[in-house]
Amino acid sequence: MKSLKKQFLNIFLVVILALIAFILVKSSNDELNFQSIENFFRACNLWYIGIAVVCMLMFVFFEAFSIHIILKRFGHKPKFYESLAYSTSDVYYSGITPSATGGQPASAFYMIRDGVPGGTACFGLVFNLIGYTAALVLIGAVVMALNIPLFMSFSIPVQILIGGGLLVQIFLFIFFFICICRHGIVLKVGLFFINLLCRVRIIKKRIKWLKKLVKTVNKYSSCYQSFSSQKSLFVSVLVCNVIQRAAIIGVSVFVCASATDCSLSLLFAMQTFVMLGYNSIPLPGGTGAFEYLYMNVYDKAFGTEFIVVAMMVTRTISYYASMVISGIYTLVYHVAHPESKKVRAKKKDKKISETSA
């Protein structure tokens, strides 16, 4: 019940943030009305909207593929519908919690409930997270390098959000790598900063923060042997995550392409900049930051009326629809598979033995 109440609270927060973002967009853009939405769908190619929906589904499926590959490599043979549940639980809980903090614990819960050892589940999620971060850095760096003039045309606040978002992802990737290979350095640096912040009274509970630091570092350092011996696996996971990130970028690309003749490469670049900017904002789904960046990035190619409607359609498909679909699948899986494989196997064996007797 406590977990259920927390979920409702998180969902309520997402709804409130969405309403606030909608009100702010609506109040500053009179172009957003039912007539403009109707005009958009009358003019658009619905096949492209369909492709945008497929891209959203690919985003969920390719995370499932990545997790499926990792678990199979380490001796587990999950059915794909199980791996899909690990993915949908991650997408759903990431969507309703700040900084996507609830996604991995939820995914780990279902893995362990299905008989995956805790250490393997932890490693699998860490491995996938590193692949996810590396994919963001790779796509972001390539797009940034190829579109410097476009980036420089943005306002200073937008440049700060985009550049800062890319730097955060690079920092995270380096942090994960050092935690795995040189965890002693991270502990020393982390201890220094915790002591410093305690002295200046920015944080008070020193022991609490030290425990968090040690727990985080240990989670990654325990993966060292597996990581060093599974380099080919990392390539496969990275490919899955690159496709996954490209797919979610593709939602906006095909929504905009459905009603304009703008080049796909320019649309891809603009949406990548939006993704880099809002992905590191500690709010569920980057709500608020997404809308701000979308309005200020896409105005280099489109008029305000088109941008507002395209943004609402994109956001509905890429965030709200994916969260709802993932939530429904997770709920169905949760109800249909209430026990772990081991428990179900024991009950089945007991039933067979009783029938034989």
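In what follows, the structure referred to is the one given above.
Here goes a summary of the coordinates provided. (Residues numbered from 1 in each chain as written. Predicted model: local features only at pLDDT ≥ 70, side-chain atom pairs only at ≥ 80, totals over all residues. Heavy atoms only, no water.)

## Examining the nonpolar core
Reasoning step 1: F40, I162, V255, L267, Y294 and Y298 are the most contacted members of the largest nonpolar core, which has 54 residues in total.
Reasoning step 2: What F40 contacts, discounting residues up to four positions off in sequence, is I49, V255, S258, A259, F306, V309, A310 and V313. (Core = buried A, V, L, I, M, F, W, Y, C linked by side-chain atoms within 4.5 Å. Buried < 20%, exposed > 50% of the residue type's maximum accessible area, 1.4 Å probe, protein only. Contact = heavy atoms within 4.5 Å.)

## Describing the packing of aromatic side chains
Reasoning step 1: For the structure on display, the rule yields 18 aromatic pairs.
Reasoning step 2: With a centroid separation of 4.0 Å and an interplanar angle of 10°, the aromatic rings of Y294 and Y298 are classed as stacked. Y298 carries the same exposure label as Y294, and that label is buried.
Reasoning step 3: An aromatic cluster is defined as three or more aromatic residues linked by ring pairs; in this entry it consists of Y278, F290, Y294, Y298, F302 and F306.
Reasoning step 4: Lying across the ring of Y278, R315 places its NZ or CZ 5.8 Å from the centre.
Reasoning step 5: Directly above the ring of F290 sits R315, whose terminal nitrogen or CZ lies 4.4 Å from the centroid. (Phe/Tyr/Trp six-rings, centres within 6.5 Å; stacked < 30°, edge-to-face > 60°. Lys NZ or Arg CZ within 6 Å of the ring centre and 35° of its normal.)

## Observations concerning a nonpolar patch on the surface
Reasoning step 1: There is a patch of nonpolar side chains on the surface, built from I185, V189, F192, F193, L196, L197, V200 and I202 and spanning about 720 Å² of accessible area.
Reasoning step 2: For L197, the position within the fold is in helix 9 (residues 183-199).
Reasoning step 3: Owing to a relative accessible area of 30%, L197 belongs among the partly exposed residues under this scheme. (Patch = residues over 30% accessible without salt bridge, like charges linked within 9 Å, V, L, I, M, F, W, Y side chains within 5 Å. Areas by Shrake-Rupley, 256 points an atom, 1.4 Å probe, with all protein chains shown as cover. Salt bridge = Lys/Arg side-chain N within 4 Å of Asp/Glu carboxyl O. Helix = DSSP H or I, 4+ residues; strand = E, 2+ residues; numbered from the N terminus.)

## Quick look at the pattern of salt bridges
Oppositely charged side chains can form a pair if their charged atoms are brought close together.
Reasoning step 1: Tallied over the full model, the rule gives 1 salt bridge.
Reasoning step 2: Across the pair R315 and E291 runs a salt bridge, and its minimum N-O distance is 3.6 Å. Taken as a pair, R315 in helix 15 (residues 304-336) and E291 in helix 14 (residues 289-297) lie far apart in primary sequence, 24 residues in all. Neither R315 nor E291 differs from the other in exposure class; each is buried.

## A look at the side chain of T314
Reasoning step 1: Along the chain, T314 falls in helix 15.
Reasoning step 2: Beyond its immediate stretch of four places on either side in the chain, T314 contacts V251, S252, V255, F290, Y294 and Y319.

Interpretation in functional terms is not warranted from these geometric data alone.
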